[in-house]
Amino acid sequence: MSNRPAPPPLPDDPIDVKQSHVVAEFQHDVALTTCRLDPQARFAFAGAEDFNVYRWSVDGGNESKTVFSGHESWVRCLDFSPDGERLYTAGYDDRIGVWDTAAAKPKPLEMIEAHKGWVRWVKVNRDGTRLVSCGNDNLIKLWSLPDGKLIQEFRGHERHPYAVLFHPDEQRLASFDLMGNIKEWDIASGKELRSFEAKFMWGFDQKFRADMGGARDMIFSEDGKTLIVAGLTNVTNAFAGVHNPMILLFNWEKFEPQHKLTDASYKGMSWGVRTHPEGFLAAVGAPQGGSKGAIWFWKPGEEKPFHTVTLSHCGRGLDMTADGRRIAVAQFDGLLKIYQLTRKS
Amino acid sequence: MRRDTGCHRIDHALSRRGFLAGTAAGAAAMGGVLTPAQADQLQSGQKRLLQVFLQGGFSQFETFDPKPGTKYGGPFRQIETSVPGMMICELLPHMATRMHKLSIIRSINLRTNDHGKGRLFMEKGRNVGEFPYVGSVAAKYLAPPNPTLPTYLHITTRGLSDNTNAFLEAQHAQMKLPGTKAPDNLARPDKLTVEAARRRADFRAQLNERFSGGKGQSAFTETFDSSFEMAERLMSQKGLLEAEPSGKDLERYGSHPFGRRCVLARNLLQNGATVVKVTHHGYDTHAENFNFHLEQLGEFDQTFCMLLDDIEATGMLDSTLIMVYSEFGRTPKINQRYGRDHWGASVSMALGGAGIKPGVTVGATNKEGTEVSDREVDAGHLFHTYFSALGIDPTADHNVPGKSIPIGDPAKSSIKELLV
């Protein structure tokens, strides 16, 4: 499978997710933790349950696999500078890695000692001059780029923040923590502006005395009116992973939930979500039992996905090209797949 | 070894009779100052046992046998400890500074992935048969003649009801304390006057005397009497159970339930308890093993170390055997939910205090932690070791009339390199 030929040039065919098909597969020998496509969609990147990040050329086959080695723990979040020249990696070794995206022999350009505890999330702003991160020290930190200097700390989360983003207006941040707390922050002052308890994306397991919740992926809609969060709901047994996946569409202006997309028949978690230019969502899921993952295509407001693609193993991450014609999915079995959302050529 | 990927309902069932197995116990809070009771204990040379049970099966990778950078190593790093060359997981930074007071066993093979079987093996030192728990055996042979507290106390809000004393006398059975409060129904009912209660006790004593005259009936009356005696001891120590920890204690131990339980454990030990077991729940991490170990060990590490420090500060470390253990470990393989499942083939634990040589690492697992590679032991060897450390010959027979029952499994022996 690793010698699958390079994907054909993108056709002009209309988007038809019901004809989604795999156009490239890349194999690693360790479970993957996340994936991203660079802004030009030249490369597919994945974190793994070793300490490395891996890069494949989208049209280069498995032989194009290149190792980004430098972290001393897992990486579960990746982001790029807007021009795609720099890759930023959030390490569970407390550090943010800075890399040359296209380097032939990648080495970290910089390793920023960013948090006391895991760095769970990194995100670059639209002009590439700022980066925001969150970590297990319960802090959100704003960094300047390219010098990597700390500009601001945001304090207020009492449990681990799982994800943080720039609002498209670049004046505010959004963050989401283990307990389901959504917070809005003013970048200039560092102050918390608003907070909402999305308790339906958290559960306290009475039997095991533990909290389960948090965002596994988070994005803003292009217009900044909706925060979209992938995670879980209906926790009944945290330690066995018995819960349902949830995609929350959160009205950012009213600061309240707008749609809660979930499938009660599916036990598990959603690990990734993207908005499609045509207005629907693509999300990836991992089941509680069994091995089959899922890609759901969902129209906001509808009760059920309008199409589901079954994955050979559970999905650990999802990304989409800017034109919405291709998506990348990282799997537990080490497979990174590129799907084309049109009919086969 | 075949993986067990799930738990059975009985393993997680709340105890319905746990409290009835005993009735409860009590303690006073004294911090680092020796009370008269403590002074008496130290002078008498009494030894005692503290069991810290991490229920559910903590991960050996995320505690005492880290394998960072290997196939199954997970995301955490290892850190140096106060013992040169001894590395433990970064989730235990407080323990790392105190490992010169403790020792590690990394080579336990329990040959079971079942909660119940693993727990019973770790407690009884035998994997089949009706034998008493280590706590009941320690209570029988270590408790003073007239203890001020029930001799085997278990602070937990969960747990199965067990026949912990097996063939030993009923007063050595485990008594469960439901967290840091007095057990329900401990106090004399308001409608029952002191005089009426005294008359009731006298009447019970008369009946016992007549009943125990019958052949073979003494064991029944003894069991019955034992329940009343334990309840009376507890009633006299009710204040100890209900005492609110000081602000300083809450700051040091943490204000969470496990912190409060460990403050109570300390107070019980300092006030004459012989065996105290305190359970920290929440290690059965079939999903999100790493996030949950972060949370659970974050609570455990500092709290346990404060308890260790206080035991040492009051001069009781040399006379108190300390166990940190689970019913098994967790799989090397990380499942699709970022969990680790049940695993008994390569398990770790920590020991310290009375009779234990500190700073020792016993055994090893292979590079990926999938099997024991050196000095394999099981719960039978551990059982011998506990009692050798406490000065009780585990090869001797129990004092049970008419029967020859060795304290430890005769096929096993102590881990000599751990003993002082």
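Thresholds applied
Residues numbered from 1 in each chain as written. Chains lettered and ligands numbered in written order. Predicted model: local features only at pLDDT ≥ 70, side-chain atom pairs only at ≥ 80, totals over all residues. Heavy atoms only, no water. Phe/Tyr/Trp six-rings, centres within 6.5 Å; stacked < 30°, edge-to-face > 60°. Helix = DSSP H or I, 4+ residues; strand = E, 2+ residues; numbered from the N terminus. Buried < 20%, exposed > 50% of the residue type's maximum accessible area, 1.4 Å probe, protein only. pLDDT = per-residue confidence, 0-100. Contact = heavy atoms within 4.5 Å. Buried area = accessible area lost by both parts, 1.4 Å probe. Salt bridge = Lys/Arg side-chain N within 4 Å of Asp/Glu carboxyl O. Core = buried A, V, L, I, M, F, W, Y, C linked by side-chain atoms within 4.5 Å. Axes fitted to C-alpha atoms, helices over the stretch in contact; angles between N-to-C directions. Parallel < 35°, antiparallel > 145°, perpendicular 65-115°, else oblique. Nonpolar A, V, L, I, M, F, W, Y, C, P; charged D, E, K, R; others polar. Left-handed = near helix turned anticlockwise from the far one by under 90°.

J.: Would you mind going over the packing of aromatic side chains with me for this structure?
T.: Note on aromatic pairs: each is described by the distance of the centres and the angle between the planes. Counted under the stated rule, the structure contains 30 aromatic pairs over all chains. Between Phe239 of chain A and Phe292 of chain B, the ring centres sit 4.2 Å apart and the planes meet at 15°, which makes this aromatic pair stacked. With Phe239 of chain A in the loop between β21 (226–237) and β22 (242–251) and Phe292 of chain B in helix α12 (residues 289–313), the pair connects residues from two separate chains. Here Phe239 of chain A and Phe292 of chain B have matching classes, each one buried. Look at Phe258 of chain B and Phe300 of chain B: their rings are 6.3 Å apart centre to centre, the planes differ by 35°, and that puts the pair in the tilted class. Residue Phe258 of chain B is located in helix α11 (residues 257–270), and its partner Phe300 of chain B is located in helix α12; the two are separated by 42 residues in the primary sequence. In terms of burial, Phe258 of chain B and Phe300 of chain B fall into one category: buried. In textbook terms, an aromatic cluster arises when at least three aromatic residues are bridged by ring pairs, as seen for Trp74, Tyr92, Trp118 and Trp271 of chain A together with Phe76, Phe290 and Tyr338 of chain B.

J.: Even after reading the chapter, I still don't get the confidence of the model for chain A, so can you show me in this structure?
T.: If pLDDT is low for a region, its predicted coordinates should not be looked at in detail. Considering every residue of chain A, the mean pLDDT works out to 94; 97% of them sit at 70 or more. pLDDT under 50 marks residues 1–5 of chain A. Its contacts with residues more than four places away, or in other chains, come to 12 contacts.

J.: Sorry if this is basic, but what is going on with the interface of chain A and chain B here?
T.: Think of interface size as the accessible area that goes away when the parts come together; that is how it is often given. Facing 39 residues of chain A, the contacting portion of chain B comprises 28 residues. Both faces combined, the contact of chain A with chain B buries some 2,700 Å², and carbon together with sulfur accounts for 56% of it. Run the count over chain A and chain B and you get three salt bridges. Here Glu288 of chain B ties to Arg216 of chain A by a salt bridge, and the two come within 3.1 Å at their closest N and O atoms. The set of elements that each furnish at least two residues to the side of chain A that touches chain B consists of β2 (32–37), β19 (210–213) and β24 (268–275) of chain A. Looking at the side of chain A that touches chain B, the element that brings in the most residues is β19 of chain A, giving three residues.

J.: Where do I start with the nonpolar core in this structure?
T.: Soluble globular proteins tend to pack their nonpolar side chains together in the buried interior. Counting 87 residues, the largest nonpolar core has Met95, Leu268, Phe300 and Phe304 of chain B as its most contacted members. With 11 residues, α12 of chain B is the single largest residue contributor to this core. Grouped together as the second largest cluster of nonpolar side chains are 41 residues, Tyr88, Ala114, Val124 and Val164 of chain A included.

J.: Is there a simple way to think about the packing of helix α5 (residues 115–124) of chain B against helix α13 (residues 379–389) of chain B in this case?
T.: If you want to describe how two helices pack, look at the angle between their axes and the distance between the axes. Residue and element names in this part refer to chain B. Two elements in contact, α5 and α13, have axes whose closest approach is 7 Å; the angle formed by their N-to-C orientations is 30°. By the angle class used here, α5 and α13 are roughly parallel. Contacts between α5 and α13 involve Phe121, Met122, Glu123 and Lys124 from the first element and Ala379, Gly380, Leu382, Phe383 and Tyr386 from the second. The residue makeup of the contact of α5 with α13, split by class, is six nonpolar, one polar and two charged.

J.: I tried to follow unusual backbone geometry on my own but got confused; where do I start?
T.: Across the chain, the bulk of peptide bonds are trans and the bulk of non-glycine residues have phi less than zero. Residue Pro146 of chain A is bonded to the preceding Leu145 of chain A through a cis peptide linkage, with omega at 10°. Here Pro146 of chain A lies in the loop between β12 (139–144) and β13 (149–155). Within the chain, Asn234 of chain A stands out as a residue other than glycine whose phi angle is a positive 55°. Locating Asn234 of chain A in the fold gives a position in strand β21. Look at Asn234 of chain A and you get partly exposed, because its relative accessible area is 44%. A positive phi angle is found at Arg111 of chain B, which is not glycine, with a value near 55°. Inspection of the secondary structure assignment puts Arg111 of chain B in the loop between β4 (102–108) and α5.

J.: Sorry, what's going on with the pattern of salt bridges here?
T.: One side chain can pair with another of opposite charge once the charged atoms of both are near each other. Evaluation of the coordinates by the stated rule reveals 39 salt bridges over all chains. Residues Arg126 of chain A and Glu222 of chain A are paired through a salt bridge, measuring 3.8 Å at the closest nitrogen-oxygen approach. One end of the pair, Arg126 of chain A, is in the loop between β10 (119–124) and β11 (130–135); the other, Glu222 of chain A, is in the loop between β20 (217–220) and β21, with 96 residues separating them in the sequence. The exposure class assigned to Glu222 of chain A is exposed, which follows from its relative accessible area of 67%. The salt bridge partner of Glu169 of chain B is Lys140 of chain B, with a shortest N-O separation of 3.1 Å. Placement of the pair is Glu169 of chain B in the loop between β5 (152–155) and β6 (175–177) and Lys140 of chain B in helix α6 (residues 134–142), with a sequence separation of 29 residues. Lys140 of chain B gets classed as buried once you look at its relative accessible area, which sits at 16%.

J.: How should I be thinking about the packing of α11 of chain B against α12 of chain B in this particular structure?
T.: Residues and elements named next belong to chain B. The contact between α11 and α12 brings their axes to 10 Å, and the two run at 15°. In terms of orientation, α11 and α12 fall into the roughly parallel class. Note on packing geometry: the crossing formed by α11 with α12 is right-handed. Across the interface between the two elements, Phe258, Gly259, Cys262, Arg266, Leu269 and Gln270 of α11 pack against Glu299, Phe300, Thr303, Leu307, Asp310 and Ile311 of α12. Here the residues of the contact of α11 with α12 are counted per class, giving six nonpolar, three polar and three charged.

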